[in-house]
Amino acid sequence: MNHNLRIVTPKRPIDAQILLIDADDTLWQNNIYFEDSISDFMSFLNHQQMTRQQVRSVINEVERETILEHGYGFHSFAHSLVKTFERLSAEPVTEELHHTIWNFAHRITQFPIELIEGVPATLSYLCEHNHQLILMTKGNFTEQSAKVERSGLKEYFAAVEIVAEKDAPTYRSIVSKYDLASDATWMVGNSPKSDINPALAAGINAVFVPHDSTWILEHESVSAVPAGRHLLQVERFSDLQKHF
C-alpha cells in the first residue's frame, strides 16, 4: 500500500523520527478475544483425560503447524480448533460440529475494534511533532485491512504495511523501500518475537510496549541490543509522548 511514498529522513533525527507501529495488542485489543474463544472451545471439548493446560498445549502446537500452512488470522485459527478437536476427540467432526467449532473463531470478527487507552491522543501528538508513522502489521491482508479501516486510525499513518511475517529480512525490506535512516527508525510493538528482536537484528531501534495478554506464540526473551542501536521499554503506549 502507498508504494510511491518516500519518507524524507530528517537532518536532525533527534527532532523527528520514523516510527513503524504494530497494530494488534499495540493499538487495539486483539488476543483477549482469541483467549475467550479458546476457553469456550476447551469447555465445549470437555476432555475427560486431559487438563485444560494440557489441552492448551495441544492447541499451541497445532497453531504452530497451521500457521505454516494457512498463515495468521481468523481462518487459520478456525483450522487450528477443528484440527485440535479431531486430534483429541473420539467423536467424529460432523458438519454440525464443524460449524460450531468454526464459529468459536469467526465470532471474533463481530467484536468492535477496542482501541487501547491513549492511542488516538498519542498518535495525534506524534504527528503534531513531525514524527512520521507507518503502521506495520502481519497477518491476512483482507482481515488486517478491515481492522485498520474499522479502527479509525488510518489518517495518522503515512503508509500501511501488511506483511506475511515480521522477521529481520522484512524489516530490512521496509527500510529499503522507504529509504529510511536506520538511526532515526524505530519499531514500536508488544511482541518480542515479531516487533522487537527482528527489528533490532535488522539494524533499527525498537520500543517495547508490553501487553498483559500477548499471544503465547509471540513470547520470547528480548535479545541483546546491537551496538549503535537503542531499545526503549515503556509501560503504556501513551508513554511515547515522554520520549518522542
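Above this text is the structure in question.
Throughout, residues of each chain are indexed from 1 in the direction in which the sequence is written. In view of the model being predicted, local features appear only for residues whose pLDDT reaches at least 70, and side-chain atom pairs are presented and counted only at 80 or more, with totals across whole chains, interfaces and linings using the full set of residues. To obtain the side-chain values, all non-hydrogen atoms of the structure were included, while hydrogens and water were left out.

Q: It is not clear to me how the pattern of salt bridges should be interpreted in this structure. Could you clarify?
A: A side chain of one charge can pair with a side chain of the opposite charge if their charged atoms are brought near each other. The working definition used for a salt bridge is a side-chain nitrogen of Lys or Arg within 4 Å of a carboxyl oxygen of Asp or Glu. In total, this model carries 14 salt bridges according to the counting rule given. Put simply, Arg107 and Asp40 hold a salt bridge, and the shortest N to O gap is 2.5 Å. Within this pair, whereas Arg107 is found in the loop between helix H4 (95–106) and helix H5 (119–128), its partner Asp40 is found in helix H1 (residues 31–45), the two being separated by 67 residues in sequence. Residue exposure (1.4 Å probe, protein chains only): buried if accessible area is under 20% of the type maximum, exposed if over 50%, otherwise partly exposed. The class for Arg107 is partly exposed, based on a relative accessible area of 30%. A salt bridge links Lys242 to Asp239, with the nearest nitrogen and oxygen atoms 3.3 Å apart. Accessibility expressed as a relative area gives 65% for Lys242, which makes it exposed. Helix numbers and strand numbers start at the N terminus; a helix is a DSSP run of H or I with at least 4 residues, a strand a run of E with at least 2.

Q: Could you clarify how one ought to interpret the sheet that holds strand E1 (residues 18–21) in this entry?
A: Backbone-to-backbone hydrogen bonds pair the strands of a sheet. The strands run either parallel or antiparallel. Taken in spatial order, the 6 strands of this open sheet run E3-E2-E1-E4-E5-E6, and their pairing is parallel. Each edge of the open sheet carries a strand with a single partner, namely strand E3 (159–163) and strand E6 (231–233). Geometrically, the sheet is characterised by an average inter-axis angle of 20° between neighbouring strands, direction not taken into account. Relative to E6, strand E5 (residues 205–208) runs parallel, the two being bridged by 3 bridges. Within E6, the residue paired with Val207 across the bridge is Leu232. Packed onto the sheet, helix H6 (residues 141–151) meets strand E2 (132–138) and E3 and runs at close to 150° relative to E3. The contact rule is simple, with two residues in contact once any of their heavy atoms fall within 4.5 Å. In this analysis an axis means a line fitted to C-alpha atoms, helices contributing only their contacting stretch, and an angle means the value between N-to-C directions, from 0 to 180 degrees. Where helix H8 (residues 192–201) meets the sheet, its contacts fall on E2, strand E4 (185–189), E5 and E6, and the angle it forms with E5 comes to roughly 155°. Pairing between strands requires that DSSP locate at least two bridges from one strand to the other.

Q: Sorry, what's going on with empty space enclosed by the protein here?
A: Over the atoms, a rolled probe matching the size of one water molecule traces out where space is still vacant. We place a 1 Å grid over just the protein atoms. Points where a 1.4 Å probe fits but has no way out form a cavity, open points with protein on both sides within 12 Å along at least 5 of 7 lines form a pocket, and any residue with an atom within 4 Å of a point lines it. Grid points are joined across faces, edges and corners, and a volume is the space filled by probe spheres set on the points. One pass over the full model with this rule turns up 2 cavities of 30 Å³ or more. Roughly 470 Å³ of volume is contained in the largest cavity. What lines the largest cavity is a set of 32 residues, and nearest its centre among them are Asp24, Asn30, Tyr72, Lys138 and Trp215. Those elements that place two or more of their residues in the lining of the largest cavity are H1, helix H2 (52–70), helix H3 (74–88), E2, H6 and H8. Each residue is assigned to one of three groups, with Ala, Val, Leu, Ile, Met, Phe, Trp, Tyr, Cys and Pro labelled nonpolar, Asp, Glu, Lys and Arg labelled charged, and all others, Gly among them, labelled polar. Class assignment for the residues of the lining of the largest cavity results in 7 nonpolar, 14 polar and 11 charged. Along the walls of the second largest cavity sit Trp28, Gln29, Asn30, Tyr33, Phe74, Ile108, Thr109, Phe111, Pro112, Ile113, Lys147 and Arg150, which together make up its complete lining. The residue inventory of the lining of the second largest cavity, partitioned by class, reads 7 nonpolar, 3 polar and 2 charged.

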